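Below, each chain spelled out in residue letters.
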Amino acid sequence: MNPFTYQHAADTSAAIKMASSHAAAKYLGGGTNLVDLMRETVERPEVLVDVTGLPGVIEQRPNGPLMIGAAVKNTALATDMYVRSAFPMLSRAILTGASAQIRNMATVGGNILQRTRCRYFYDTAARCNKRDVQSGCDARDGFNRYHAILGASDSCVATHPSDMCVALAALDAMVHLDGPTGARAIPLLDLHRLPGDRPDIETELRANELITAIEIPPLPFAQRSTYRKVRDRASYAFALISVAAALDVDEKGTVRDVRLALGGVAHKPWRAFNAEAALKGRVANEENFRAAAETELAGAVALRDNQFKIELAKRTIVAVLGELKGREA
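Each value, and the rule that gives it
Residues numbered from 1 in each chain as written. Predicted model: local features only at pLDDT ≥ 70, side-chain atom pairs only at ≥ 80, totals over all residues. Heavy atoms only, no water. Helix = DSSP H or I, 4+ residues; strand = E, 2+ residues; numbered from the N terminus. Buried < 20%, exposed > 50% of the residue type's maximum accessible area, 1.4 Å probe, protein only. Areas by Shrake-Rupley, 256 points an atom, 1.4 Å probe, with all protein chains shown as cover. Polar contact = N/O pair within 3.5 Å; in protein donor to acceptor, adjacent residues only side chain to side chain. Contact = heavy atoms within 4.5 Å. Pairing = 2+ DSSP bridges. Axes fitted to C-alpha atoms, helices over the stretch in contact; angles between N-to-C directions.

## Side note on the overall build of the chain
A count of helical and extended segments in the chain gives 13 helices and 11 strands. Looking at the chain residue by residue over its 329 residues, the buried ones come to 51%. Accessible surface computed for the chain: about 14,800 Å², of which carbon and sulfur atoms make up 51%.

Next up, the structure:
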């Protein structure tokens, strides 16, 4: 591994200046698995900027959005009383991810920027277009049980590993960024990219930009929301399929509004817009839940080992919406 320089920044502007001062260095987002990738020699950064001194505050603005500092620890966010009552899907999503020890140390910003957990990406002996553009993708004909069924390309079939990001996608979260050209905010749904022919470019971050905060707009019916993760074992396992959902049903049993996002299916958190559109104005029953799920998964393409994920995703959507309907009743 190439030697790297470790420097500490106590505030956002100092971190940006520090990163910018190393013009020749290769810059990577500080995702929660960056050290793992360095250990496997997948990544060899020349400079590491320590941003653990940045503020980590959860702020509920009166009649406004919830602001979450990028340095907030995952455990702190999941156990915050306001988050648990206003956005239970977010709290539950975080608590299904990793181990308690990792959640105690991992930050919101690091969670968002974690890299794919595809075994071929980690294996430097395998072909991977993320590591070496146009080298090929061994996952397509290899063991691909955990890989994408939506939004994939010939270049990459990896999935995004974050549970938290699935809930944030359903909640229309905004990501606040700061960098040499100034501050800006973009929807979380637009932060991560589908692979196309450049799977090595994973986000829309510009050079030397930092995530400074996450903003969640008010969504009153998100109080009736949940997150379900289907996986091979009960803990410390990545999702085969996950669903974040919130459901608003009127007194006649008609869907007034709904939010749905899927994990474990694509290169980014997948917002189920087609299913949402199919449900609005329809009676909240199992038949319509299933029809909406069919609509969303109509474009799914399976690989050799993950055909089961298509039906599993449909059944999980139906089950989660059924659970939320029961709570409404």
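## Here we look at the side chain of Thr116
Structurally, the position occupied by Thr116 is in the loop between α7 (108-112) and α8 (119-122). From its side chain, Thr116 meets the backbone nitrogen of Cys118 in a polar contact 3.2 Å long. One polar contact links the side chain of Thr116 to the main-chain carbonyl oxygen of Thr159, over a distance of 3.4 Å. The contacts of Thr116, once residues within four sequence positions are left out, are Asn33, Phe121, Tyr122, Lys130, Ala158, Thr159 and Pro161.

## Thoughts on helix α5 (residues 88-95)
With 6 of 8 residues buried, α5 lies mostly within the body of the structure. Here α5 has its buried residues at Pro88, Met89, Leu90, Ser91, Ala93 and Ile94.

## A short note on the pairing of strand β9 (residues 241-249)
The buried fraction of β9 amounts to 9 of the 9 residues, a majority that puts the element mostly inside the structure. Of the two faces of β9, the one lined by Ile241, Val243, Ala245, Leu247 and Val249 and the one lined by Ser242, Ala244, Ala246 and Asp248 are each fully buried. Bridging between strand β8 (residues 225-230) and β9 involves 6 bridges; their strand directions are antiparallel. The residue of β9 that forms the bridge with Tyr227 is Ala244. Hairpin connection, β9 to strand β10 (residues 255-263): the antiparallel pair is bridged by 5 residues, and Gly253 has positive phi, about 85 degrees.

## Observations concerning the sheet that holds β10
Overall, antiparallel pairing links the 4 strands, which are arranged β8-β9-β10-β11 in an open sheet. Since the sheet does not close on itself, it has two edges, and those belong to β8 and β11 (270-271), each with one partner. As judged from the 8 bridges shared by β9 and β10, these two strands associate in the antiparallel manner. Bridging across to β10, Val243 finds its partner in Leu262. Along the sheet face, α5 touches β8 and β9 and points at about 25 degrees away from the line of β8.

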